[in-house]
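# Notes for the structure review
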Amino acid sequence: MPLRRPNARQTNLFLCLKDNYGVLLHDQATGATASIDAPESGAVEAALKATGWKLTHILVTHHHADHTDGIPALKQKYGCRVIAPAEVSSKYPFVDETVKEGDRVKVGNLAGSVIDTPGHTAGHISYWFHDDALAFVGDTLFSIGCGRVIEGTPQMMWQSLCKLRDLPDDTEIYCGHEYTQANIQFAQTIEPNNKALAARAAEVRDEISRGLPTIPTTIGEEKAANVFLRADQPEVAAAVGLSGKPAAEVFREVRERKNRF
Ligand SMILES: [Zn+2]
């Protein structure tokens, strides 16, 4: 396994629009800086100004407008390289490089790989920076939640979530929205006795009361507390009346209950 070097990078997280997160990834060695998605150009520019970083890349996770609307203005201003899945390059002219599962991306010396994570949209991708213990998961995985299954199937979404769950436990997860508190309220209806979830609820109450983001989270924390990653746990299947059923069916039921919550 290559040596991890978590101090090679910095991140800057900021709110955009109503509840979207923008995040910048900065390579200390070269100064290269990526915006992960671009909900709105003004918020990204403000973050660049605050950090003093220069935008070199935009890494796009999926085609929704609240992740792409800021791209044209940023590309025009900074001439940055836009990397995106095919569902974005087929819809918009601003993409320089189309990527899919297993492709490598570089932000200066920071090396990431693409993971196909369809379900929320048909062509959603995530970016994993192994040596830097980071993953950018867009609207696939949220803290204590997951994205709505809009274009894919529950089976597809469950498989995508399992791929993210397989990342190392200490992987920091940056997602596209601040939904954690509402997700916890729902998750506790399914797993009222989950101690890791109760601990996360207390932590999030404290963070929100101090005006802090609840992101990033880690894969290890999410595996213990996020009901959507736990659809193959017997206690979750039992809680939704589907003991012994395949995990994808349990996942579908949990997701449908959240849609109605
Ligand atoms: Zn979306």
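These remarks concern the structure in this document.

## Some points on empty space enclosed by the protein
It is a probe the size of a water molecule, rolled over the atoms, that shows where empty space is left. Following the criterion strictly, the structure yields one cavity of 30 Å³ or more and no others. Here the largest cavity is characterised by a volume of approximately 80 Å³. Around the largest cavity sit 13 residues that line it, and Tyr21, Val23, Ile36, Cys175 and Gly176 are the ones nearest its centre. Taken together, the residues of the lining of the largest cavity break down into seven nonpolar, five polar and one charged.

## Brief notes about the pattern of salt bridges
Under the defined criterion, the tally for this structure stands at 15 salt bridges. The shortest N-O distance in the salt bridge between Lys77 and Glu45 comes to 2.7 Å. One end of the pair, Lys77, is in helix H3 (residues 71-78); the other, Glu45, is in helix H1 (residues 41-51), and 32 residues separate them in sequence. The exposure class assigned to Lys77 is exposed, which follows from its relative accessible area of 53%. Judged by relative accessible area, which is 23%, Glu45 ranks as partly exposed. Across the pair Asp96 and Lys75 runs a salt bridge, and its minimum N-O distance is 2.8 Å. With a gap of 21 residues between them, Asp96 in the loop between helix H4 (86-89) and strand S6 (97-98) and Lys75 in helix H3 connect regions that are remote in the sequence. With a relative accessible area of 24%, Lys75 lands in the partly exposed category. One salt-bridge network, held together by shared partners, links Glu191, Arg230 and Glu235.

## Brief notes about the packing of aromatic side chains
Inspection of every chain in the model, using the stated rule, returns eight aromatic pairs. Taking 6.1 Å as the distance between ring centres and 35° as the angle between the ring planes, the aromatic pair formed by Trp158 and Phe251 counts as tilted. With a gap of 93 residues between them, Trp158 in helix H5 (residues 154-165) and Phe251 in helix H10 (residues 247-260) connect regions that are remote in the sequence. Aromatic side chains Phe186 and Phe261 sit 5.4 Å apart centroid to centroid with 70° between the ring planes, which places their arrangement in the edge-to-face category. Residue Phe186 is located in helix H6 (residues 180-190), and its partner Phe261 is located in the segment after H10; the two are separated by 75 residues in the primary sequence. In this structure an aromatic cluster arises from ring pairing among Trp158, Phe186, Phe228, Phe251 and Phe261.

## Here we look at the coordination of the zinc ion
Octahedral metals with six donors have ideal donor angles of 90 or 180 degrees. Tetrahedral metals with four donors have an ideal donor angle of 109.5 degrees. Within the first shell, the zinc ion binds the protein through His62 (NE2), His64 (ND1), His120 (NE2) and Asp139 (OD), at distances of 2.2 to 2.4 Å. Note that the zinc ion binds four donor atoms; their angles at the metal cover 89 to 171°, and the shape is irregular. Written as a sequence motif, the donor residues of the zinc ion are H-x1-H-x55-H-x18-D. Of this pair, His120 sits in the loop between strand S8 (110-116) and strand S9 (125-129) while Asp139 sits in the loop between strand S10 (134-136) and strand S11 (141-142), and the two are 19 residues apart along the sequence. Each member of the pair, His120 together with Asp139, is buried.

Definitions and limits used
- Residues numbered from 1 in each chain as written.
- Predicted model: local features only at pLDDT ≥ 70, side-chain atom pairs only at ≥ 80, totals over all residues.
- Heavy atoms only, no water.
- 1 Å grid on protein atoms, 1.4 Å probe; cavity = no way out; pocket = protein on both sides within 12 Å on 5 of 7 lines; lining within 4 Å.
- Points joined across faces, edges and corners; volume = space filled by probe spheres on them.
- Nonpolar A, V, L, I, M, F, W, Y, C, P; charged D, E, K, R; others polar.
- Salt bridge = Lys/Arg side-chain N within 4 Å of Asp/Glu carboxyl O.
- Helix = DSSP H or I, 4+ residues; strand = E, 2+ residues; numbered from the N terminus.
- Buried < 20%, exposed > 50% of the residue type's maximum accessible area, 1.4 Å probe, protein only.
- Phe/Tyr/Trp six-rings, centres within 6.5 Å; stacked < 30°, edge-to-face > 60°.
- Donors = N, O, S within 2.8 Å, 3.2 Å for Na, K, Ca; no water.
- Tetrahedral: all angles 85-135°; square planar, octahedral: opposite > 155°, others 65-115°.

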